[in-house]
Amino acid sequence: MAVANQKGGVGKTTTTVNLGAALAELGYRVLVIDLDPQANASTGLGLNPRNLDVAMYDVILNEVSLEDCIEPTAVKNLFVAPSSLDLAGAEIELVPAFNRERRLQSAINEVQADYDYVLIDCPPSLGLLTINGLTAATELLVPIQCEYYALEGLGQLLRNVDLVKKNLNPDLELKTIVLVMYDARTKLAAQVAKEVRDHFGAAVCRQVIPRSVRLSEAPSYGQPITTFDSSSRGALAYRELAREVAGESTR
């Protein structure tokens, strides 16, 4: 499942890390692949990208086995293939590379049988790293923040998804849209949610993710919200989202 939206700051990494942790809590084996050079998913799961011998750069550019890159996290059943700052150069280095759009797909194929869910945290751009993510995935998950410019840029993302479907990965489907940073006190959040639901129908998850200070604090402690503040609104929301994504929803 690729988690993508080329707008920055829309909760891609927050959703990848916390959905992954909540799915792991349900007993699924989950691998988070950090494809973003900023390495926020890696640090948010307690890793220091500067202390790693092998990271996703080596997997994508040097064809190191993905298995050699994967690290366990403090959460049972949750594993991470970390990013590093080197990945920033990968966009350019990949340009002349053979089979450049399918590097990640080939790497995942080797370990896929070991995991129930593979979540790919894509960078906030539509470059070759994101295209690798979209080519490797069977599903696309798009977090949309409940704010004024929420739908801006989404059209471009969907056009690119169509291009990837046509040319590289016919299996890719936009299956899941998650409304994040939802502030129930504002009319705007309700309007944006309605607009997104009207437009995308059943792809939009029933569970929304509230705007929450605890959610934004958790990464600085290297923990997902489910362990950082297990009873917080954010933790409960991501648990319910995980059940919905896994088809175990109680509602």
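Before going further, it helps to examine the overall build of the protein chain. Scanning the protein chain for helices and strands turns up 11 helices and 7 strands. Structurally, the protein chain occupies a C-alpha span of about 50 × 40 × 30 Å along its principal axes. Here the protein chain holds 251 residues, and 55% of them are scored as buried. Long-range pairs, those at least 24 residues apart, make up 76% of the contacts in the protein chain between residues at least 6 apart in sequence. Counting 23 positive and 31 negative side-chain charges, the protein chain places the averaged centre of each group 9 Å from the other.

Here we come to the packing of aromatic side chains. Per the stated rule, a full pass over the model turns up 3 aromatic pairs. For the ring pair Phe79 and Tyr115, a centre distance of 5.8 Å and an interplane angle of 70° mean the geometry is edge-to-face. In this pair, Phe79 sits in strand S4 (residues 78-81) while Tyr115 sits in the loop between helix H5 (103-111) and strand S5 (117-121), placing the two residues 36 residues apart along the sequence. For the pair Phe79 and Tyr115, a shared accessibility class is recorded, and that class is buried.

Because each turn of an α-helix spans 3.6 residues, side chains separated by three or four positions in sequence point in the same direction. In a regular helix each residue adds 1.5 Å, so 14 residues correspond to 20 Å; helix H1 (residues 12-25) covers 20 Å between its end C-alpha atoms and thus fits that length. At the C-terminal side of H1, Gly27 shows a positive phi close to 105°.

Relative orientation of the contacting elements H1 and helix H11 (residues 233-245) amounts to 75°, with a least axis distance of 8 Å. With respect to their mutual orientation, H1 and H11 come out roughly perpendicular. Seen from H1, the contacting residues are Thr14, Thr15, Asn18, Leu19, Ala22, Leu23 and Glu25; seen from H11, they are Tyr238, Arg239, Leu241, Ala242 and Val245. Residue composition of the contact of H1 with H11, by class: 7 nonpolar, 3 polar and 2 charged.

Within a sheet, each strand pairs with its neighbour through backbone hydrogen bonds, oriented either parallel or antiparallel. With respect to topology, 7 strands assemble into an open sheet ordered S3-S4-S2-S5-S1-S6-S7, the strand pairing being mixed. Of all strands in the sheet, those with a lone pairing partner are strand S3 (71-72) and strand S7 (173-180), marking the two edges. Of the strand pairs in this sheet, strand S1 (residues 2-3) and S5 are connected by 2 bridges, and their pairing is parallel. When the sheet's bridge partners are listed, Ala2 is paired in S5 with Ile120. The strands touched by helix H8 (residues 187-200) are strand S6 (139-145) and S7; relative to S7, the strand with the most contacts, the crossing angle is about 170°.

Let's shift gears to the pattern of salt bridges. If the charged atoms of two oppositely charged side chains come close together, the side chains can form a pair. Scanning the model with the defined rule gives 11 salt bridges in all. In this structure, the salt-bridge partner of Glu101 is Arg100, at a minimum N-O distance of 3.3 Å. Look at Arg100 and you get partly exposed, because its relative accessible area is 27%. Asp198 is paired through a salt bridge with Lys194; the nearest N and O atoms lie 2.7 Å apart.

The next thing to look at is the pairing of S4. Residue alternation in S4 divides its side chains into two sets, Leu78 and Val80 and Phe79 and Ala81, and both sets are buried. Two strands pair when backbone bridges link them, and strand S2 (residues 30-34) and S4 are joined in this way by 4 bridges, in the parallel orientation. Considered in S4, the bridge of Ile33 is made with Ala81. Two elements, S3 and S4, share 2 bridges in a ladder whose sense is antiparallel. Looking across to S4, one finds that Glu71 is bridged to Val80. Between S3 and S4, which follow one another and run antiparallel, lie 5 residues, and Asn77 among them has a positive phi close to 75°.

Conventions we followed
Along every chain, residues carry numbers that run from 1 in the direction the sequence is written. Thresholds applied to this predicted model are a pLDDT of at least 70 for local features of residues and 80 or more for the giving and counting of side-chain atom pairs; totals over whole chains, interfaces and linings are not thresholded and use all residues. With hydrogens and water set aside, each side-chain value is computed from the structure's full complement of heavy atoms. Secondary structure follows DSSP: runs of H or I at least 4 residues long count as helices, runs of E at least 2 residues long count as strands, and numbering of each begins at the N terminus. Residue burial is assigned from relative accessible area. The probe radius is 1.4 Å, only protein chains are included, and a residue is buried under 20% of its type maximum, exposed over 50%, and partly exposed in between. Only heavy atoms enter the contact rule, under which two residues are in contact if any of them lie within 4.5 Å. When charges are counted, Lys and Arg contribute as positive and Asp and Glu as negative, whereas His and the chain ends are disregarded. To locate a charge, the coordinates of NZ of Lys, CZ of Arg, CG of Asp or CD of Glu are taken. Only Phe, Tyr and Trp rings are paired, with Trp represented by its six-membered ring, and only when their centres lie within 6.5 Å; those with planes under 30 degrees apart are stacked, over 60 edge-to-face, the remainder tilted. Here the expected length of a helix is defined as 1.5 Å per residue gap, with one fewer gap than residues. The axes are straight lines fitted to the C-alpha atoms, using for helices just the contacting stretch, and the angles between their N-to-C directions are given from 0 to 180°. To sort the angles, those under 35 degrees are grouped as roughly parallel, those over 145 as roughly antiparallel, those from 65 to 115 as roughly perpendicular, and the leftovers as oblique. Charged residues are taken to be Asp, Glu, Lys and Arg, nonpolar residues to be Ala, Val, Leu, Ile, Met, Phe, Trp, Tyr, Cys and Pro, and polar residues to be all remaining types, Gly included. Paired strands are those between which DSSP finds at least two bridges. Salt bridges are defined by distance alone: a side-chain nitrogen of Lys or Arg within 4 Å of a carboxyl oxygen of Asp or Glu.

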